[in-house]
Amino acid sequence: MASGMHRDRYDELLAGLAAFENDHGGLLGLTTDAKRDCLCKQIIASLRRIEWVLQVKSGDISPDRCDPHSPIFDPLRAAAYYGQLGHYDQAVWMTFIQTHFGKNERFGWKLAANVYGSFGAGPVWTFEYYGAHRAEFERMLRRNALNLADKRTSGSFSNHRKFQGRKPDHIARTFSTFYDWQTEFGSLDRRIREIHRNSGQEPTSTFDALYRSIGAVYGFGSGRLGRFDLLCMLGKLELAPIVPGSVYLANATGPYQGAKLLFCGSQGPTLTRTQLQSRMHLLDDYLRIGKQAIEDSICNWQKSPRRFVNYRG
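This is a predicted model, so every value here is computed, not measured.

Student: Whenever I open this one, the overall build of the protein chain confuses me. Can you help?
Tutor: Secondary structure summary: the protein chain contains 16 helices and 0 strands in total. Radius of gyration (C-alpha) of the protein chain: 20 Å, near the 20 Å computed for a compact globule of 313 residues. Projected onto the principal axes, the alpha-carbon positions of the protein chain cover approximately 60 × 45 × 40 Å. Residues counted as buried form 51% of the 313 residues belonging to the protein chain. Of the contacts formed within the protein chain by residues at least 6 apart in sequence, a portion of 64% connects residues at least 24 apart.

Student: How do you make sense of the packing of helix 2 (residues 33-58) against helix 16 (residues 291-303) when you look at a structure like this?
Tutor: When two helices pack together, their arrangement is given by the angle between the helix axes and the distance between those axes. The N-to-C vectors of helix 2 and helix 16 enclose an angle of 135°; their axes lie 8 Å apart at closest approach. The pairing of helix 2 with helix 16 is recorded here as oblique in orientation. Here helix 2 and helix 16 pass one another in a crossing that is right-handed. Facing Lys 35, Cys 38, Leu 39, Gln 42, Ile 43, Ser 46, Leu 47, Arg 49 and Ile 50 of helix 2, the residues of helix 16 in contact are Gln 292, Ala 293, Asp 296, Ser 297, Ile 298, Asn 300 and Trp 301. Across the contact of helix 2 with helix 16, the residue classes tally to 8 nonpolar, 5 polar and 3 charged.

Student: Explanation requested: the nonpolar core in the structure shown.
Tutor: Soluble globular proteins: nonpolar side chains tend toward being buried together. Counting 60 residues, the largest nonpolar core has Trp 93, Ile 97, Phe 101, Val 115, Phe 137, Phe 175 and Phe 178 as the members making the most contacts within it. Ranked by the residues each element gives to this core, the list is headed by helix 4 (residues 88-101), at 7 residues. Filtering out sequence-adjacent residues up to four positions away, Phe 137 remains in contact with Val 115, Trp 125, Tyr 130, Ile 171, Ala 172 and Phe 175. Leu 30, Leu 39, Leu 249 and Leu 283 belong to the second-largest nonpolar core, a separate cluster that totals 30 residues.

Student: Please explain unusual backbone geometry as it appears in this structure.
Tutor: A negative phi holds for most residues other than glycine; trans holds for most peptide bonds. A positive phi is found at Glu 238, a non-glycine position, where the angle reads about 60°. Residue position: Glu 238 is located in the loop between helix 13 (225-236) and helix 14 (254-264). The phi angle at Tyr 248 is positive, at roughly 50°, despite the residue not being glycine. Mapped onto the secondary structure, Tyr 248 falls in the loop between helix 13 and helix 14. Assessed through its relative accessible area of 11%, Tyr 248 is described here as buried.

Student: Would you mind showing me how to read the packing of aromatic side chains here?
Tutor: For any pair of aromatic rings, the description consists of the separation of the ring centres together with the inter-plane angle of the planes. Applying the stated criterion across every chain, the model contains 27 aromatic pairs. When the centroid spacing of 5.2 Å and the interplanar angle of 65° are considered together, the rings of Trp 125 and Tyr 129 count as edge-to-face. Across the ring face of Tyr 211, the terminal group of Arg 227 is positioned such that the distance to the ring centre comes to 4.2 Å. The ring of Tyr 256 has Arg 273 lying over it, and the distance from NZ or CZ to the ring centre is 3.7 Å.

Criteria and cut-off values
Residues numbered from 1 in each chain as written. Predicted model: local features only at pLDDT ≥ 70, side-chain atom pairs only at ≥ 80, totals over all residues. Heavy atoms only, no water. Helix = DSSP H or I, 4+ residues; strand = E, 2+ residues; numbered from the N terminus. Rg over C-alpha atoms; globule rule 2.2 N^0.38 Å. Buried < 20%, exposed > 50% of the residue type's maximum accessible area, 1.4 Å probe, protein only. Contact = heavy atoms within 4.5 Å. Axes fitted to C-alpha atoms, helices over the stretch in contact; angles between N-to-C directions. Parallel < 35°, antiparallel > 145°, perpendicular 65-115°, else oblique. Left-handed = near helix turned anticlockwise from the far one by under 90°. Nonpolar A, V, L, I, M, F, W, Y, C, P; charged D, E, K, R; others polar. Core = buried A, V, L, I, M, F, W, Y, C linked by side-chain atoms within 4.5 Å. Phe/Tyr/Trp six-rings, centres within 6.5 Å; stacked < 30°, edge-to-face > 60°. Lys NZ or Arg CZ within 6 Å of the ring centre and 35° of its normal.

And the structure:
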């Protein structure tokens, strides 16, 4: 039995899994009670992480969270803080920085703080300042190439972003292409209004349109996790009226491995990615946890399907 927030969902999740199996056949990866228990606990952990962001968004936030030279710098809380103040462009920008670098288990937000704060020896690269001094940002990165190469000095990406490069040109290109994406229509809000005019205001279709368009951002377009995480965070912080209507399994790695194990068991991929995605969506109809929670929990479950491990980044 799970404890803490959402612990009341445990029995409900077990019942949902049983109902799905009764209607659609067994989940071949849930061969023991331990695996079933572990999956339910991973789902609850995912729901807690989502709920935590909602609490942060509405709580009191110190302005020091926005300062990369402060020991309590936190770009996620900074995004929420700017959102509370109505500084929309800066809030979106901080959400990008939070997602791109992530919080490393060992180094925390150190890499984000160093790049955003010029390694303590230059300007803070807010949305407005970056837009007016893009070439200067690239020069700052090149001056700190040796610092960036040493993760003990610079910090490191989170597990979700571990394949991103710390070379100056890579970081500069990611920042430049994201800024271009954010400002292509003047602001993200105006981009969303354009989507609404063309495709309606349904939150999942708006999410999908943004998901496809953000593929132009370097370091986000080659896969799906960065795009998915960024857009989900923008939705949770209420910086965009969006929710995912899909798990976007086509280019996934961890969620695909999890879905394959859950639905096909150890016998291997007897279902295509498209079929697995449809099964995940159908399972969510029974569990009613949302696409972000189901992709996150199944991804984490497949890493340790018999014993619950609370993965944080």
